[in-house]
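The lines below spell out each chain.
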Amino acid sequence: MENNAIEFGDAGGSSSPPSEVVKTVVLVGRTSNGKSATGNSILGRRAFKSMLRTTSVTSTCEMHTTLLENGHNLVVIDTPGLFDCSAKPEFIGREIAKCINLAKDGIHAILLVASVRTRFSTKEKASVLMLQAFFGANIIDHMIVVFTCGDDLEENEETLYDFLDSDCDQHLKETLRMCGNRCVLFNNKTKDEVQKSEQLKQLLALVNAGVDKNGGKPYISKQFVELKTGAKSQFFYDAPAAKVNPEEEEFKFEELQKSYDEHLKRITETVDLKLKECSDKLAQQIAELKLKESSDKIAQQIAERENIRLKAEIVTLSAQLKSDDKPQIVVESSNAWRTSCSTICSDEIKR
């Protein structure tokens, strides 16, 4: 069977792509949601290590590239729970720096990977807030929600829209609204080549539509510019252009190491601050959501009590009406009896 993606090269961007048209997508999301498996489905081959685990299999940012049928190169970057709230600032800072360096020319799409097997929790909401905190509010314009475990829905003969209609909580609704309802369902277990091709086409259509909507340009933040012009990118991947003597090479390495450490320290401090801001903002949003839910619940309880009270009043009023009818009937009967008696007596007197 024909594959929908033509492979070339391997990880780390070591291979030069045969086409100059490159699009970069970054996989983010909670650990165990299937980021690596989704990356493999996009690439059309098993490039990222993917296993069924509750802990992250990916330990650092990785990049693989594939050549699509249209001749365009697609760069896929997998992240190791980059925006998990439990991750330490040093780790997040280092991986953000590496992720930005891998996507030197910018990000065309952020793929927020969520599973239909688990509820869209506050952790996913926190991921969205942290994305905006680190890369700017406009990063949401480049975000697509990729739902995994499509095989589960297929077994139940459900579509993605059935799932969203029946199990879409407030956090998920808000996230989808923010990203313009751009979402797609992936079955990473399917062996059906037609299905593989179709789900990839749906995703790429969303990526291309997002790029077109944003003027055909990838998302580039201040961090991108800073790293592109700094020595950090050289420290990560650039090889020496020419041989130098050991002393010069050691000096250069020390200078790059110093630059890297200083830059990483600044990023870590920024990450620490952003984490606190995100935590406070998320706590505020959760409190507002709980307050709204509480208000709705109280309003519902008041309505139910009012309904019960009205029903009780109706029953009481109905009973009173029935009770008021009886004396009237008795009075009318008594008057009729008296009239009858008077008539009889009158007739007797006349006789």
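One can find the structure itself at the top, above this paragraph.
None of these values were measured; they are calculated from a predicted model.

Asker: Quick question: what am I supposed to make of the packing of helix H2 (residues 89–102) against helix H3 (residues 122–135) here?
Answerer: For any two helices packed against each other, one specifies the crossing angle of their axes together with the interaxial distance. Between H2 and H3, the least distance of the axes is 13 Å, while the angle of their chain directions is 65 degrees. Viewed along their axes, H2 and H3 adopt a mutual orientation that is roughly perpendicular. Of the two possible hands of crossing, H2 and H3 adopt the one that is right-handed. Across the interface between the two elements, Ile92, Ile96 and Ile100 from H2 touch Met130, Phe134 and Phe135 from H3. Its residues assigned to classes, the contact of H2 with H3 shows six nonpolar, no polar and no charged.

Asker: What am I meant to see in the packing of aromatic side chains here?
Answerer: The geometry of an aromatic ring pair comes down to the distance between the two centres and the angle between the two planes. Enumeration over the complete set of coordinates arrives at one aromatic pair. On the numbers, 6.0 Å between centres and 70 degrees between planes, the contact of phenylalanine 147 with phenylalanine 163 is edge-to-face. Separated by 16 residues along the polypeptide, phenylalanine 147 in strand S6 (residues 143–148) and phenylalanine 163 in helix H5 (residues 160–166) bring together distant segments of the chain. For the residue pair phenylalanine 147 and phenylalanine 163, the accessibility class agrees, reading buried in each case.

Asker: Whenever I open this one, empty space enclosed by the protein confuses me. Can you help?
Answerer: Unfilled space is identified by rolling a water-sized probe across the atoms. According to the stated counting rule, one finds two cavities of 30 Å³ or more in the structure shown. In this structure, the largest cavity occupies an estimated 90 Å³ of space. If you trace the largest cavity, you find eleven residues lining it, with Thr118, Arg119, Phe120, Phe163 and Leu172 closest to the centre. Among the residues making up the lining of the largest cavity, the classes are represented as five nonpolar, two polar and four charged. Size it by volume and the second largest cavity reaches roughly 40 Å³. Lining the second largest cavity, in full, are His108, Ala109, Asp141, His142, Ile144, Arg182, Leu206, Val207, Gly210 and Val211. Of all the elements, helix H7 (residues 193–213) adds the most residues to the lining of the second largest cavity, at four residues. The residue inventory of the lining of the second largest cavity, partitioned by class, reads five nonpolar, three polar and two charged.

About the criteria used
Residues numbered from 1 in each chain as written. Predicted model: local features only at pLDDT ≥ 70, side-chain atom pairs only at ≥ 80, totals over all residues. Heavy atoms only, no water. Axes fitted to C-alpha atoms, helices over the stretch in contact; angles between N-to-C directions. Helix = DSSP H or I, 4+ residues; strand = E, 2+ residues; numbered from the N terminus. Parallel < 35°, antiparallel > 145°, perpendicular 65-115°, else oblique. Left-handed = near helix turned anticlockwise from the far one by under 90°. Contact = heavy atoms within 4.5 Å. Nonpolar A, V, L, I, M, F, W, Y, C, P; charged D, E, K, R; others polar. Phe/Tyr/Trp six-rings, centres within 6.5 Å; stacked < 30°, edge-to-face > 60°. Buried < 20%, exposed > 50% of the residue type's maximum accessible area, 1.4 Å probe, protein only. 1 Å grid on protein atoms, 1.4 Å probe; cavity = no way out; pocket = protein on both sides within 12 Å on 5 of 7 lines; lining within 4 Å. Points joined across faces, edges and corners; volume = space filled by probe spheres on them.

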